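Single-letter residue listing:
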Amino acid sequence: MNRTFMLILTFLVPCTLFSVNAKNVGGFITERNKRISVKTPAKIVHSKLACTALCLQNSGCCFANYNLLTKECILGNRRCHDNTESATGWLFLKRGTNYKNKVFFYFENTLDWYDAQSYCKRFGMRLATISNTDEDQFVKSLTKRSNGVWLGGSDMPNEGDWHWNKPNLPLVFTNWGRSALIKQPDNIFNQDCLTYWRCDPLETNYQWADASCGSSFYFICERIVRVDSETWPIE
């Protein structure tokens, strides 16, 4: 093998590996100086990217902690929705769930609708939007919360004019249910924001309901990872 070919090969192989791994970075969000403590043994890896790759190889991995100084990578298979704790020098890498051209992230820290939207925005995301039955079923499968999970819709400022807030488009698909036998949305106590709620009498099936935007609920963010003809614009 001549020297010229060896030089070309040396250049191409690292670039190829980087390209393969880089595609998956969109499936994680990063919080600096944060972690969730778990007792999983640490592995030493050379980068944050390599740590996310380890997590992707483990179907049960829902997050990873990566230390920038020691290069320790600790995978998390439990406590997936616990709140993070402060930890200097650590990166908390939360893994999302892919669906077509989106990645969804479910959070169990409770926020009102406005703060939940702002939290999503910190990571270049927005509260989840739903465009059809299949997507609705998929997003509902991400949580087993009994009641109250924020989505990205509201009817502010015009009552009854329900739309997604990011982007500002009308709700074409809907799945309104009943709460205490009252058809949703009912606007009791100025309920202007969209949430999942167990609306059937046995509380076994999520449907849509309106809720007070100031209530504190869990929430689901979404990130667009591939722009195509089905992608709504990101505001």
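Residues numbered from 1 in each chain as written. Predicted model: local features only at pLDDT ≥ 70, side-chain atom pairs only at ≥ 80, totals over all residues. Heavy atoms only, no water.

1. Notes on the overall build of the protein chain
Put simply, the rule reads: Secondary structure elements are defined from DSSP: runs of H or I of at least 4 residues count as helices, runs of E of at least 2 residues count as strands, and each element is numbered from the N terminus. A 1.4 Å probe rolled over the protein chains alone gives each residue an accessible area, and that area as a share of the maximum for its type sets the label: buried under 20%, exposed over 50%, partly exposed in between. Contacts are assigned to residue pairs that have any heavy atoms within 4.5 Å of one another. What sets the accessible areas is the Shrake-Rupley method with a 1.4 Å probe; for residues, cover comes only from the shown protein chains.
A tally of helices and strands in the protein chain yields 4 helices and 16 strands. Burial statistics for the protein chain: of 235 residues in total, 44% are counted as buried. Once local pairs closer than 6 in sequence are excluded, the contacts in the protein chain between residues at least 24 apart make up 69%. Carbon and sulfur atoms form 54% of the exposed surface of the protein chain, whose accessible area is close to 12800 Å².

2. Observations concerning the pattern of salt bridges
Defined as follows: Any Lys or Arg side-chain nitrogen found within 4 Å of a carboxyl oxygen on Asp or Glu counts as a salt bridge.
Evaluation of the coordinates by the stated rule reveals 6 salt bridges. Residue Glu85 pairs with Arg35 through a salt bridge whose shortest N-O separation is 3.5 Å. Placement of Glu85 in strand 5 (residues 85-95) and of Arg35 in strand 1 (residues 28-35) is noted, with a sequence separation of 50 residues between them. By relative accessible area, Glu85 is classed as partly exposed at 33%. You can call Arg35 partly exposed: its relative accessible area is 26%.

3. Thoughts on the packing of aromatic side chains
So the rule is basically this: When two rings of Phe, Tyr or Trp (its six-membered ring) have centres within 6.5 Å they constitute a pair, described as stacked for plane angles under 30 degrees, edge-to-face for angles over 60, and tilted for the intermediate range.
With the rule as written, the count across this model stands at 16 aromatic pairs. With centroids separated by 6.1 Å and ring planes inclined at 50°, the aromatic side chains of Phe104 and Phe138 adopt a geometry described as tilted. With Phe104 in strand 7 (residues 102-111) and Phe138 in helix 4 (residues 133-140), this pair connects stretches of sequence that are 34 residues apart. A centroid spacing of 5.2 Å and a plane angle of 75° characterise the contact between Phe107 and Tyr119, whose relative ring orientation is edge-to-face.

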